Amino acid sequence: MADETPFPWPPAADRIAIEHVWPEVDCGATPVKRIIGDTVEVFADIFCDGHDVIAAALLYRKADEEGWRHAPMRPRDNDRWSGSFTVTETGRYVFTIEAWRDPFASWLKEVKVKQAAGRDLTLETIEGVEIARAAVGLAQGPEAVDLSQLLTAVQAAHADQHLAMLLDPANAELIGRWGERLDLTRFAGERTVVVERPKARFSAWYELFPRSAANDGQRHGTFDDVIARLPYVRDLGFDVLYFPPIHPIGTTNRKGRNNSLTAAPDDVGSVYAIGSPEGGHDAVHPQLGTIADFRRLVAAARDHGLEIALDFAIQCSPDHPWIKQHPEWFDWRPDGSLKHAENPPKKYEDIVNVDFYGHGQISLWQALRDVVLFWVEQGVTIFRVDNPHTKPLPFWRWFIAEVNGRHPDVIFLSEAFTRPKMMRALAKVGFQQSYTYFTWRNTKAELTTYMRELTSGDMAECYRPNFFVNTPDINPYYLQSSGRPGFVVRATLAATLSSSWGLYSGFELCEAAPLPGREEYLDSEKYELRARDWDAPGNIRDHIRKLNLARRDNRALQDFRNILVLNAWNDQVLAYARITPARDNAVMVLANLDPHNRQECDYEVPLWEFGLPDDAAIDAEDLIFGGRFTLHGKVHRIALDPAHNPVVVWRLVPPAEARP
């Protein structure tokens with residue numbers, strides 16, 4: 001007796017393969033990132049058995065919309081297809097792909113081949129009319145009437161005219177738009193795109209300590225003193241002014257100068273020892289001013305084209321009000337004492353950490369979210385997060401979603417110098433920008449390898465690097481011995497390799513005095529007030545100003561993913577270009593990585609990128625020293641002298657007709 005068990009017949013939709021969709025991260029589990037105005041290019045391998053013509057469409061929508069919008073996909077090469085859509089609002093978009101066998105396109109292909117071979121097309125003509133008839137039943141709107149009239153006209157015409165009427169370009173296009181879609185297949189899944197404002201990808205940060213803004217080592221600065229500094233920061237071309245914590249500072253176990261365990265009566269302590277009887281994370285240090293004064297500062301900064309970024313450091317002084325109000329939020333030792341923060345061999349006696357999975361988990365997480373929401377209400381929309389890698393990833397995923405769900409314009413910068421996979425994971429859970437290893441990438445091989453890592457694969461889709469040249473915690477060994485040329489080189493690399501970069505005040509004065517044998521500053525501003533001579537000889541303020549101006553004026557420098565490393569036949573000279581996809585803006589940089597010696601080399605100008613032959617000429621504008629000149633041919637020679645021109649930054653100006 002025959003087996004009566006139903007055979008599991010596969011659906012027709014399985015007939016068309018849609019594979020290797022890009023962009024995606026973690027097979028779609030992690031959203032890719034874009035900014036408003038970006039065109040999202042989508043790629044996929046799409047193919048089917050046999051020789052029928054297939055078609056495909058890109059389906060996309062805002063995540064909160066119901067209906068899909070459609071964009072055509074076109075074959076490129078080797079069954080690889082592409083399509084695109086433009087994102088115009090912040091928030092989340094989703095996309096997927098549909099593909100189908102196109103009977104009318106297949107019919108057209110067959111008819112043209114047979115027509116060229118002189119074959120009889122009587123049966124093919126009848127088949128074409130039937131395809132047109134099916135399209136009439138599927139058409140909607142005014143074109144349904146147009147198609148019906150076309151079919152009526154075909155049927156009324158003599159049979160000898162049917163084929164010509166179906167092949168008429170306008171008629172064929174109309175039938176093709178509404179033709180039947182056989183074996184319609186949708187990609188198994190949707191991919192998500194997180195869209196954010198432009199500053200999430202393109203920004204220039206300047207860090208200062210508000211308490212030093214008085215520029216008097218004996219007087220504590222105020223928010224009004226910071227307001228007086230705003231024209232200076234804006235004149236340098238920065239658009240983000242970042243403050244370390246501005247909250248009340250505890251006195252228990254207060255650190256003295258140079259991180260001494262014993263503080264003198266007049267020592268101001270570390271700004272990271274947050275909390276005192278005057279308040280905690282939602283308060284300002286009384287010597288800086290009031291919350292109202294802070295709001296005035298935020299408004300004044302915006303008037304100067306600056307956004308204020310605050311440090312969000314999840315740690316508490318032993319004097320923080322939370323410790324008495326919410327002891328369940330903290331880690332207590334068997335003897336009843338609080339567990340201090342540690343990073344052996346370092347021990348931070350002036351701070352304690354919260355317990356993210358303790359008995360007070362829910363209320364703690366909500367309180368930390370509410371701290372940031374409080375500062376958003378004061379006008380802050382950018383936060384630099386201190387040591388996020390020492391806090392749980394599930395917390396950050398929840399926390400960022402909670403804040404961005406209410407305020408999609410808020411940007412979080414991850415300050416994590418740790419294992420690469422953890423740094424990448426923080427970007428995946430939602431951080432809009434990330435610190436990097438740039439500070440420790442000094443050689444040509446190190447820099448080129450690192451840029452390749454940041455600008456390829458899923459790193460380019462989810463990780464936005466911010467190249468800080470220094471921080472209050474990091475006085476790089478390279479700068480300690482490089483003199484002024486090294487500061488020029490590192491600023492140039494940071495500002496032109498990454499679309500976001502930053503510096504800690506004093507860098508423009510080439511400050512580099514270290515604690516002996518350590519990548520730390522002598523007389524660190526983390527533990528004392530600092531006064532500086534902002535006009536000191538040898539400063540590089542003018543160079544920084546020109547770098548930031550070049551970044552604002554050249555779209556090629558506003559997306560870190562478009563780097564092209566160029567041949568320069570000297571391991572001490574790094575050459576690269578940044579070019580827009582339309583080839584209508586291009587910046588070329590050559591940097592002498594040796595701050596002590598003159599370096600010469602031959603190098604290549606990327607004429608091929610503009611469709612120019614090797615012997616062509618291209619104009620260049622010097623963005624640092626001024627002037628315009630012409631480069632004749634692909635290979636040239638240059639000498640870069642640390643004392644005079646350790647770097648060159650040129651805008652390449654190809655003939656309009658040479659742009660692809």
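Residues numbered from 1 in each chain as written. Predicted model: local features only at pLDDT ≥ 70, side-chain atom pairs only at ≥ 80, totals over all residues. Heavy atoms only, no water.

An unreviewed UniProt entry annotates the protein as Alpha-1,4-glucan:maltose-1-phosphate maltosyltransferase of Chelatococcus caeni. Its UniProt record gives the protein a comment under Catalytic activity (unreviewed entry), which states: "alpha-maltose 1-phosphate + [(1->4)-alpha-D-glucosyl](n) = [(1->4)-alpha-D-glucosyl](n+2) + phosphate". Taken from UniProt, the Subunit (unreviewed entry) comment for the protein reads in full: "Homodimer." (UniProt positions renumbered as here; feature names shortened; annotations may be inferred.)

## Observations concerning the sheet that holds strand 11 (residues 240-243)
Strand order in the open sheet formed by eight strands is 17-16-15-12-11-10-19-18, and the pairing between neighbours is parallel. The sheet terminates laterally at strand 17 (433-434) and strand 18 (466-468), the two strands that pair on one side only. Relative to strand 19 (residues 500-504), strand 18 is paired through three bridges, and the arrangement is parallel. Bridged to F467 within strand 19 is W501. (Pairing = 2+ DSSP bridges. Helix = DSSP H or I, 4+ residues; strand = E, 2+ residues; numbered from the N terminus.)

## A look at the UniProt feature "binding site: alpha-maltose 1-phosphate" (unreviewed entry) in the protein
Under the local residue numbering, the UniProt record ascribes the feature "binding site: alpha-maltose 1-phosphate" (unreviewed entry) to K255, Q315, D350, N387, K526 and Y527. Turning to its location among the elements, N387 is positioned in the loop between strand 15 (382-386) and helix 10 (393-406). On the basis of relative accessible area, N387 is assigned to the partly exposed category, the value being 27%. Polar side-chain contacts of N387 include one of 3.4 Å to the side chain of D386. Within the element layout of this structure, Y527 appears in the loop between strand 19 and helix 15 (541-553). Those residues in contact with Y527 that sit more than four places away from it in its chain are R211, K255, G256, R257, N258, N259, V268, G269 and S270. (Buried < 20%, exposed > 50% of the residue type's maximum accessible area, 1.4 Å probe, protein only. Polar contact = N/O pair within 3.5 Å; in protein donor to acceptor, adjacent residues only side chain to side chain. Contact = heavy atoms within 4.5 Å.)

## Things to note about helix 3 (residues 142-156)
The terminal C-alpha atoms of helix 3 lie 22 Å apart, and with 15 residues this matches the ideal 21 Å at 1.5 Å per residue to within 8%. Among all positions in helix 3, only A144, L147, L150, L151 and V154 are buried. Around the axis of helix 3, the buried residues are gathered within 125 degrees of arc, so they sit on the same side. Of the exposed residues in helix 3, those oriented more than 90 degrees away from the buried face are P142, Q149 and A156. Those residues of helix 3 hidden inside the fold are in contact with helix 2 (122-138), helix 4 (159-167) and helix 5 (169-178). (Expected span 1.5 Å × (residues − 1). Arc of directions from axis to C-beta.)

## Focus: the pairing of strand 26 (residues 635-640)
Side-chain alternation along strand 26 places H636, I638 and L640 on a buried face and V635, R637 and A639 on a face that remains uncovered. Here strand 23 (residues 599-604) pairs with strand 26 via six bridges, running antiparallel. Pairing of C601 across the sheet is with I638, part of strand 26.

## What about the state of the cysteines?
Covalent bonding between the sulfur atoms of two cysteines is what defines a disulfide. Under the definition given, this model contains zero disulfides. Not engaged in a disulfide, the cysteine C27 finds its nearest cysteine sulfur in C462; these two sulfurs lie 13 Å apart. By relative accessible area, which is 64% here, C27 ends up exposed. (Disulfide = S-S within 2.5 Å.)

## What about the pattern of salt bridges?
Counted according to the given criterion, the structure contains 53 salt bridges. Close ionic contact of R133 with E130 constitutes a salt bridge, the shortest N to O distance being 3.2 Å. Pair noted here: R133 and E130 are both in helix 2, with a separation of three residues, about one helical turn. Connected via shared salt-bridge partners are R15, D49, D52, R101 and D183. (Salt bridge = Lys/Arg side-chain N within 4 Å of Asp/Glu carboxyl O.)

## A short note on the packing of aromatic side chains
The way to describe two aromatic rings as a pair is by their centre distance and the angle between their planes. Using the criterion set out here, one finds 37 aromatic pairs in the structure. For the pair Y435 and F468, a centre-to-centre distance of 5.0 Å together with 15 degrees between the ring planes defines the contact as stacked. On the criterion of sequence distance, the pair formed by Y435 in the loop between strand 17 and helix 12 (444-454) and F468 in strand 18 is long-range, its members being 33 residues apart. The class of F468 is buried, set by a relative accessible area of 2%. Ring pairing ties together the aromatic residues F312, F356, Y357, W365, F383, F395, W396, W398, F399, F412 and F431, which thus form one cluster. For the cation-ring pair, R229 lies above Y232, with the distance from its terminal atom to the ring centre recorded as 4.3 Å. Just above the ring of Y478 sits the side chain of R490; from NZ or CZ to the centre is 5.7 Å. (Phe/Tyr/Trp six-rings, centres within 6.5 Å; stacked < 30°, edge-to-face > 60°. Lys NZ or Arg CZ within 6 Å of the ring centre and 35° of its normal.)

## Comments concerning the layout of surface pockets
Computed from the structure, the second largest pocket encloses a volume of approximately 820 Å³. R201, D559, R561, N562 and P581 are, among the 26 residues lining the second largest pocket, the residues nearest its centre. Listed by contribution, the elements that provide at least two residues to the lining of the second largest pocket are strand 2 (32-35), strand 3 (39-47), helix 13 (457-462) and strand 20 (563-565). With three residues, strand 3 is the largest single contributor of residues to the lining of the second largest pocket. Of the residues in the lining of the second largest pocket, the class split is twelve nonpolar, four polar and ten charged. (1 Å grid on protein atoms, 1.4 Å probe; cavity = no way out; pocket = protein on both sides within 12 Å on 5 of 7 lines; lining within 4 Å. Points joined across faces, edges and corners; volume = space filled by probe spheres on them. Nonpolar A, V, L, I, M, F, W, Y, C, P; charged D, E, K, R; others polar.)

## Let's talk about the domain arrangement of the protein
Looking at the protein, the domain boundaries give domain 1 (12-102 + 186-195), domain 2 (104-180), domain 3 (198-314 + 360-554) and domain 4 (563-658). Once you take the C-alpha centre of each, domain 3 and domain 4 turn out to be 32 Å apart. Counting from both sides, the interface comprises 26 residues of domain 3 and, opposite them, 24 residues of domain 4. Buried surface at the junction of domain 3 and domain 4, summed over both partners, amounts to about 2,000 Å²; 66% is from carbon and sulfur atoms. The three residues of domain 3 that bury the most area against domain 4 are K444, T496 and N554, which together make up 31% of that side's buried surface. (Domains from an automatic or database assignment. Buried area = accessible area lost by both parts, 1.4 Å probe.)

## Brief notes about the side chain of E519
Within the element layout of this structure, E519 appears in the loop between strand 19 and helix 15. One buried charged side chain, E519, makes no salt bridge at all; its nearest oppositely charged neighbour is R490, positioned 9.1 Å away. A distance of 3.3 Å separates the side chain of E519 from the backbone nitrogen of Y477, its partner in a polar contact. (Lys, Arg positive; Asp, Glu negative; His and termini not counted.)

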